[in-house]
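Residue-level structure breakdown
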Amino acid sequence: MEHLLTIITFVPLLAVLLILFVPREDERTIKRMAVGLSFIPLLLAIYLWFAYDQAAAGFQFEVMAEWIPVINVNYHVGADGLSIPLIFLTSLLTVLSLIYSSFTISKRVKEFFLLFFLQEMGMFGVFISLDLVLFYVFWEIGLVPMYLLIGIWGQAKDRPQYSAIKFFLYTLAGSVFMLLAILALYFTHGTFDIPALSQVSLLFDGNEWAATLAFWAFFIAFAIKVPLFPFHTWLPDAHTAAPTAGSVILAGVLLKLGGFGMMRIALPIFPEQFQFYCWNVPVIPILAVFSIVYGALVCMAQWDLKRLIAYSSVSHMGYFMLGLAAAAAAWGRSGLSDAAAMASNGAAMQMFNHGIITGGLFFLVGVIYDRAHSRDLALMDADGNPQRDENNKVIPAFGGLGKMTPYYYGIFLVTAFASLGLPGLAGFWAEFFVFRGAFEIMPLFAVIGILGIVVTAAYILWKIVQYVFLGDFSLERWKEISHGAKLSDMVSFEKVTMWPLIVFMIGFGVFPVPLIDFFNTYAQKLFGG
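Attention here is on the structure that accompanies the text. These figures come from a predicted structure and were not determined experimentally.

The rules behind each value
Residues numbered from 1 in each chain as written. Predicted model: local features only at pLDDT ≥ 70, side-chain atom pairs only at ≥ 80, totals over all residues. Heavy atoms only, no water. Helix = DSSP H or I, 4+ residues; strand = E, 2+ residues; numbered from the N terminus. Buried < 20%, exposed > 50% of the residue type's maximum accessible area, 1.4 Å probe, protein only. Polar contact = N/O pair within 3.5 Å; in protein donor to acceptor, adjacent residues only side chain to side chain. Contact = heavy atoms within 4.5 Å. Axes fitted to C-alpha atoms, helices over the stretch in contact; angles between N-to-C directions. Parallel < 35°, antiparallel > 145°, perpendicular 65-115°, else oblique. Nonpolar A, V, L, I, M, F, W, Y, C, P; charged D, E, K, R; others polar. 1 Å grid on protein atoms, 1.4 Å probe; cavity = no way out; pocket = protein on both sides within 12 Å on 5 of 7 lines; lining within 4 Å. Points joined across faces, edges and corners; volume = space filled by probe spheres on them.

1. Some thoughts on the side chain of Thr212
The residue Thr212 is located in helix H9 (residues 208–225) in this model. For Thr212, a relative accessible area of 16% gives the class buried. Here the side chain of Thr212 touches Glu208 through a polar contact of 2.8 Å, landing on its backbone oxygen. Beyond its immediate chain neighbours, meaning those up to four positions away, Thr212 contacts Gln273 and Tyr277.

2. Remarks on the packing of helix H11 (residues 244–269) against helix H15 (residues 337–372)
In a packed pair of helices, the relevant descriptors are the angle between the two axes and the axis-to-axis distance. As a packed pair, H11 and H15 sit with axes 7 Å apart at the nearest point and diverge in direction by 170°. The angle between the axes of H11 and H15 places the two elements in the roughly antiparallel class. When H11 is examined against H15, the residues Thr244, Ser247, Val248, Ala251, Gly252, Leu255, Lys256, Gly259, Phe260 and Met263 are found in contact with a partner set consisting of Ser344, Ala348, Met351, His354, Gly355, Thr358, Gly359, Phe362, Phe363 and Gly366. Within the contact of H11 with H15, the residues separate by chemical class into nine nonpolar, ten polar and one charged.

3. Considerations on the layout of surface pockets
There is about 540 Å³ of room inside the largest pocket. In terms of lining, the largest pocket is formed by 29 residues, of which the most central are Ser198, Gln199, Pro268, Ile269 and Leu526. Of all elements in the fold, only helix H8 (194–198), H9, H11, helix H12 (271–280) and helix H22 (513–527) reach the threshold of two or more residues within the lining of the largest pocket. Residues belonging to the lining of the largest pocket are distributed by class as follows: 15 nonpolar, nine polar and five charged. Lining the second largest pocket we find 25 residues, and of these Thr104, Gln155, Pro243, Thr244 and Asp370 sit closest to its centre. When contributions to the lining of the second largest pocket are tallied by element, the ones reaching two or more residues are helix H3 (83–104), helix H10 (234–241), H11 and H15. A total of five residues in the lining of the second largest pocket trace back to one element, the largest contributor, which is H15. Of the residues belonging to the lining of the second largest pocket, the class tally is eleven nonpolar, nine polar and five charged.

What follows is the structure, encoded as structure tokens:
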């Protein structure tokens, strides 16, 4: 199927056009249509997964057509071992998010599902684009729907308009830097084609300053999206304010656009500049390990469960950056191609596994929030500080839910353990490959990064497991925080939402080879080994 990628990308736009004709009062039909249509890209993505020829590797399902010939802009799309798992991840999380939202969204239903499909189209477009202008257009398409999803469907107490504007301005600022770098490359080399620019041996005709400025322009744009410290401050506010499905897509896919951009554009086009700032002047690995440790430590200080998981993304995407920094540092250095490939594979796996695991965590936060209408881990006083008992111990807001909601407890436990990197679950292998490569290339940064694993285990076991599930359950306390709402275990649609994610967490934890094989085609082409 020559046009398979185009079909996958624009089916969500077709869904938008079809739903537009449904009266907004017919919410049941809108929800059913949205969920049904969302399965089409998922089924096509599954076909794409098995149709890709890993032995041949490289870009496949390519389409090249003139778009704006006067400035040499083409509709050039293709997929390789890096993009195909992320296309599948996007389609899967979109289906699960729409299933969940069909039971939880009651405000402006039609607009919500339309925006979600536009968001999906933009994300697909980024992953298939092989032209910088096309990449930029799809990058920007995804900005407005998420801005509106946060601003309109966020909870009033979480300042959704402020959070949405902050998200928009941060991302837009990065986009301006990216656009300037794209234009600079075009004016010098006369093309927007990403594979062609990756083959240029002397960027900007040997002008090191121009190449360095262009590299940092791309890097900052992508680092904001990852997000990498210190460009991360928009993330906790956006996650806290977003509706549950918005948080799932934000953590599961939108953050991966930044990581994908670094692996598709920044490293292949600017390998010397990337290598210089990872090895000679190690700014990037310093930011990576700072993100890992800082993000984990800030999680320890959080009493809002959703905000805690938001900061955990800063820490976990720091592992991605450490792996990519190690791979970039090995560029052109003899004897390190295997280590570079392993670090690159770990970084790519971290993107995929973080999407599965943290997407699941945000679904699970939504489950408890829909019942208690609170995400606080402790009873809070009027000043927003945790209340303490006569022994100066923090009083848990939930506590003992493991006994009352055993199914929820079990699902949350598997997801939380996957997040901390427990062997046998998906999160372990990404971190293993990152550190396997990083220890050989930059051992000091690898040692510092391991501290993040220790702190991650601490905040998951202490802040989440202990404060939410362990201890004695108090019905009076539950009625106080939930205003008398009934406590129930997970219901059918919540279980259906989590089952596929749990399957992948366990499946890729026990047998990660299918995922590694995909990402390894990218790493071998770039680094050899």
